[in-house]
Amino acid sequence: MQKKTKEQDSEIEKLTTILSSLQELYYKKKEQLKDLEEEIEELKSTLNNLNSLISSKSFSSANELYKQSAQTNPPYSASTSAPQEEDYFIKDIPQEKLTGTKIKRKIFLQKSNGKEELICILNLIDMDKLEIKILSPDKYNIKETSEIFIKAFLKGALIKIKEQNPDLELAYKYYKSSDIIEEILIKNLKSIDAYDLITEKVRELFQT
């Protein structure tokens with residue numbers, strides 16, 4: 001009986017030692033995971049900051065790019081050849097003739113069942129102020145720092161336009177308290193060609 005008790009005690013001691021080792025390993029791994037999660041969050045924050053910096057620098061540097069290119073690429077006039085892609089703001093129309101004009105465009109996305117869903121509305125007022133409204137911003141999750149937004153919208157449209165029109169202004173309205181874009185506001189547009197380009201690039205945002 002005494003021998004059996006000693007064997008039981010020895011077995012319990014071994015199990016207790018194993019349990020202690022496993023607990024120690026568990027809490028160690030848990031702590032490592034916490035540290036890793038913090039590192040991931042820091043990396044994510046750094047990436048977002050870099051993307052934001054690239055975005056803002058790219059857009060704000062358009063004035064400088066325009067000044068540098070103006071010396072070698074003079075603006076289009078009636079005496080030169082037909083305008084190229086970069087000449088979107090050449091067609092000047094007196095502002096008084098444009099006051100009161102409104103051009104509304106709607107962007108639809110075709111769903112898997114064949115039906116079309118209205119996802120975005122572009123409203124150009126006085127050929128000068130453009131309001132771009134995303135109807136379900138939380139669904140499409142478009143952010144200023146996202147790669148597709150920088151590539152398609154900022155570099156594909158806004159920077160090209162601003163090179164020809166340094167007075168162009170850009171602002172955002174965000175969805176609730178997030179960094180998701182709900183509305184894009186552009187002022188001093190002045191060209192239907194620019195409106196066409198922006199419409200095309202906004203459509204690209206929802207096709208990726």
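Criteria and cut-off values
Residues numbered from 1 in each chain as written. Predicted model: local features only at pLDDT ≥ 70, side-chain atom pairs only at ≥ 80, totals over all residues. Heavy atoms only, no water. Helix = DSSP H or I, 4+ residues; strand = E, 2+ residues; numbered from the N terminus. Buried < 20%, exposed > 50% of the residue type's maximum accessible area, 1.4 Å probe, protein only. Contact = heavy atoms within 4.5 Å. Areas by Shrake-Rupley, 256 points an atom, 1.4 Å probe, with all protein chains shown as cover. Patch = residues over 30% accessible without salt bridge, like charges linked within 9 Å, V, L, I, M, F, W, Y side chains within 5 Å. Salt bridge = Lys/Arg side-chain N within 4 Å of Asp/Glu carboxyl O. Pairing = 2+ DSSP bridges. Phe/Tyr/Trp six-rings, centres within 6.5 Å; stacked < 30°, edge-to-face > 60°. Axes fitted to C-alpha atoms, helices over the stretch in contact; angles between N-to-C directions.

Caption draft 1: Highlighting the overall build of the chain. The secondary structure content of the chain amounts to 6 helices and 5 strands. Sequence-ordered secondary structure for the chain, helices as α and strands as β, is α-α-α-β-β-β-α-α-β-β-α. Burial analysis of the chain (208 residues in total) assigns 28% to the buried set. Within the chain, counting contacts between residues at least 6 apart in sequence, those at least 24 apart form 59% of the total. As displayed, the chain offers around 14300 Å² of accessible surface, 51% of which is attributable to carbon and sulfur atoms.

Caption draft 2: Examining a nonpolar patch on the surface more closely. A cluster of nonpolar side chains, namely Leu15, Ile18, Leu22 and Leu25, defines an oily patch on the protein surface of about 390 Å² accessible area. For Ile18, the position within the fold is in helix α1 (residues 2-60).

Caption draft 3: Region of the structure containing the pairing of strand β3 (residues 129-134). Residue alternation in β3 divides its side chains into a buried set, Leu130, Ile132 and Ile134, and an unburied set, Lys129, Glu131 and Lys133. Relative to β3, strand β2 (residues 116-125) runs antiparallel, the two sharing 6 bridges. Paired with Leu124 across the strands is Leu130, a residue of β3. With antiparallel pairing between neighbouring strands as the criterion, β2 and β3 make up a hairpin whose turn holds 3 residues, including Asp126 at a positive phi of roughly 60 degrees. In this structure, β3 lies alongside strand β5 (residues 181-187), joined through 4 bridges in antiparallel fashion. From the neighbouring strand, Leu130 faces β5, where its bridge partner is Ile186.

Caption draft 4: Main features of the packing of aromatic side chains. As enumerated under the stated definition, the model contains 4 aromatic pairs in all. Measuring from centroid to centroid gives 5.2 Å for Tyr140 and Phe206, while their planes differ by 90 degrees, and the two rings are edge-to-face. Separated by 66 residues along the polypeptide, Tyr140 in helix α4 (residues 137-140) and Phe206 in the segment after α6 (192-205) bring together distant segments of the chain. Here Tyr140 falls in the buried class, since its relative accessible area comes to 18%. An aromatic cluster is defined as three or more aromatic residues linked by ring pairs; in this entry it consists of Phe149, Phe153, Tyr172 and Tyr174.

Caption draft 5: Structural view of the pairing of β2. For β2, the buried fraction is high: 8 of the 10 residues fall into the buried class. With 9 bridges joining them, strand β1 (residues 102-110) and β2 adopt antiparallel strand pairing. By the bridge assignment for β2, Arg105 is matched with Leu122. The turn linking β1 back onto β2 is made up of 5 residues, and Gly114 within it adopts a positive phi angle of 90 degrees.

Caption draft 6: The arrangement of the sheet that holds β1 in detail. A sheet is described by the order of its strands in space; here 5 strands give the open sequence β1-β2-β3-β5-β4, paired in antiparallel fashion. Each edge of the open sheet is held by one strand with a lone partner, namely β1 and β4 (169-174). The mean inter-strand angle of the sheet, taken between neighbouring strand axes irrespective of direction, is 15 degrees. Direction of pairing for β4 relative to β5: antiparallel, over a ladder of 6 bridges. Counted as the bridge partner of Lys173 is Glu183 from β5. Sitting on the sheet, helix α5 (residues 147-164) is in contact with β3, β4 and β5, with an inclination near 10 degrees to β5.

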